[in-house]
Amino acid sequence: MTPKEYLSQYQQLNRDINRLLEEKDRWKALATRVTPSQSEGGRGSGSQNGRIPSAVEKIMETESKINARVDQLIDLRREIEEKLSALPDSKQKEVLHRRYILGQKWEEIALSMNYSYMQICRIHGAALQAFKML
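Rules of the game
- Within each chain, residue numbers correspond to sequence positions counted from 1 in written order.
- With pLDDT at 70 or above as the cut-off, local features in this predicted model cover only qualifying residues; side-chain atom pairs require 80 or more to be listed or tallied, and sums for whole chains, interfaces and linings still use all residues.
- Side-chain measures here rest on the full set of heavy atoms in the structure, leaving out hydrogens and waters.
- Helix and strand definitions follow DSSP, with helices as H or I runs of at least four residues and strands as E runs of at least two, each counted in order from the N terminus.
- We call two residues contacting when some pair of their heavy atoms lies within 4.5 Å.
- For this analysis, a salt bridge means a side-chain nitrogen from Lys or Arg found within 4 Å of a carboxyl oxygen belonging to Asp or Glu.
- Each residue gets one of three labels from its accessible area relative to the maximum for its type: buried under 20%, exposed over 50%, partly exposed in between, using a 1.4 Å probe on protein chains only.
- Buried Ala, Val, Leu, Ile, Met, Phe, Trp, Tyr and Cys residues that are joined via side-chain atoms within 4.5 Å together make up what is termed a nonpolar core.
- Ring geometry is summarised as follows: Phe, Tyr and Trp rings, the Trp one being its six-membered ring, pair when their centres sit within 6.5 Å, and such pairs are stacked at plane angles under 30 degrees, edge-to-face over 60 and tilted between the two.
- A positively charged side chain is recorded as over a ring if its NZ (Lys) or CZ (Arg) lies within 6 Å of the ring centre. The angle to the ring normal must also be within 35 degrees.
- Each helix should span, by expectation, one fewer than its residue count multiplied by 1.5 Å.
- What counts as an axis is a line fitted to C-alpha atoms, over the stretch in contact for a helix, and the angles between N-to-C directions run from 0 to 180 degrees.
- Geometric relationships in this document are graded by angle, where less than 35 degrees denotes roughly parallel, more than 145 denotes roughly antiparallel, 65 to 115 denotes roughly perpendicular, and other angles denote oblique.
- Basically, the charged four are Asp, Glu, Lys and Arg, the nonpolar ten are Ala, Val, Leu, Ile, Met, Phe, Trp, Tyr, Cys and Pro, and anything else, Gly included, counts as polar.

Q: Please clarify how the environment of Leu20 should be interpreted in this entry.
A: On the secondary structure map, Leu20 appears in helix α1 (residues 3-32). Through-space distance from the C-alpha of Leu20 to that of Lys65 is 7.7 Å; in sequence the pair is 45 residues apart. Dropping the residues within four chain positions of it, Leu20 is found in contact with Thr62, Lys65, Ile66 and Arg69.

Q: For this particular structure, what's the right way to read the pattern of salt bridges?
A: The tally for this structure, following the rule as stated, stands at five salt bridges. Residue Glu94 pairs with Arg98 through a salt bridge whose shortest N-O separation is 2.9 Å. With Glu94 and Arg98 both in helix α3 (residues 90-101), this residue pair falls four residues apart, about one helical turn. Here Glu94 falls in the partly exposed class, since its relative accessible area comes to 30%.

Q: I keep staring at the nonpolar core and nothing clicks. Help me out?
A: Nonpolar side chains in soluble globular proteins tend to end up buried together. Residues Leu7, Ile80 and Leu96 are the most contacted members of the largest nonpolar core, which totals 18 residues. Counting only elements with at least two residues in this core, the list comes to α1, α2 (43-85), α3 and α5 (117-132). By residue number, the principal contributor to this core is α1, which donates six residues. Those residues in contact with Ile80 that sit more than four places away from it in its chain are Tyr6, Leu7, Tyr10 and Ile101. Formed by seven residues, the second largest nonpolar core is a distinct cluster that contains Val95, Ile109, Ala110 and Met113.

Q: Help me understand the packing of aromatic side chains, please; the structure alone is not making it clear to me.
A: For any pair of aromatic rings, the description rests on two quantities: the centre-to-centre distance and the angle between the ring planes. Inspection of every chain in the model, using the stated rule, returns one aromatic pair. Stacked on the ring of Tyr6, the Lys or Arg Lys83 has its end atom at 4.6 Å from the ring centre.

Q: Even after reading the chapter, I still don't get α3, so can you show me in this structure?
A: One full turn of an α-helix is made of 3.6 residues, so residues set three or four places apart face in the same direction. With 12 residues, α3 should cover 16 Å at 1.5 Å per step; its first-to-last C-alpha distance of 15 Å lies within 8% of that length. Taken together, the buried positions of α3 are Gln92, Val95, Leu96, Arg98, Tyr100 and Ile101. Following α3 by one or two positions, Gly103 adopts a phi angle in the positive range, close to 75°.

Q: Please explain the packing of α1 against α5 as it appears in this structure.
A: Packed helix pairs are specified by the crossing angle of their axes together with the interaxial distance, meaning the distance between the axes. At a minimum axis separation of 9 Å, α1 and α5 run at an interaxial angle of 95°. With respect to α5, the axis of α1 lies roughly perpendicular. Of α5, the residues touching α1 (which contributes Pro3, Lys4, Tyr6 and Leu7) are Leu128, Phe131 and Lys132. The class makeup of the residues in the contact of α1 with α5 is five nonpolar, no polar and two charged.

Structural measurements only, silent on function.
Structural data, given as structure tokens:
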């Protein structure tokens with residue numbers, strides 16, 4: 001695995017968690033959606049009663065997946081930060097942290113560090129080479 005692939009895992013896990021949170025919200029919306037029911041105990045009420053337990057089960061499954069991914073995210077972040085701390089150059093550490101932990105765009109990194117876009121690209125390249133040696 002290349003340093004870039006390794007570091008990119010963090011943002012991918014973040015995206016997975018966000019996708020699962022959206023899925024959980026959809027299941028909640030389905031469970032709480034009100035449908036008209038017939039007063040004589042017709043088909044309307046039966047479909048809603050079956051839908052709610054199923055949706056609750058899906059919500060619980062999704063929450064379990066979210067919790068597992070969050071645990072992975074925390075462990076991966078700790079691991080990445082330990083490796084970043086071993087880099088001797090503080091500019092390289094900051095570029096990699098901003099890019100792969102904070103998920104900032106190159107332009108944002110350049111602006112916040114007061115460097116040109118091209119200089120940030122050079123620092124990033126050197127940082128990846130140094131990270132490979134760890």
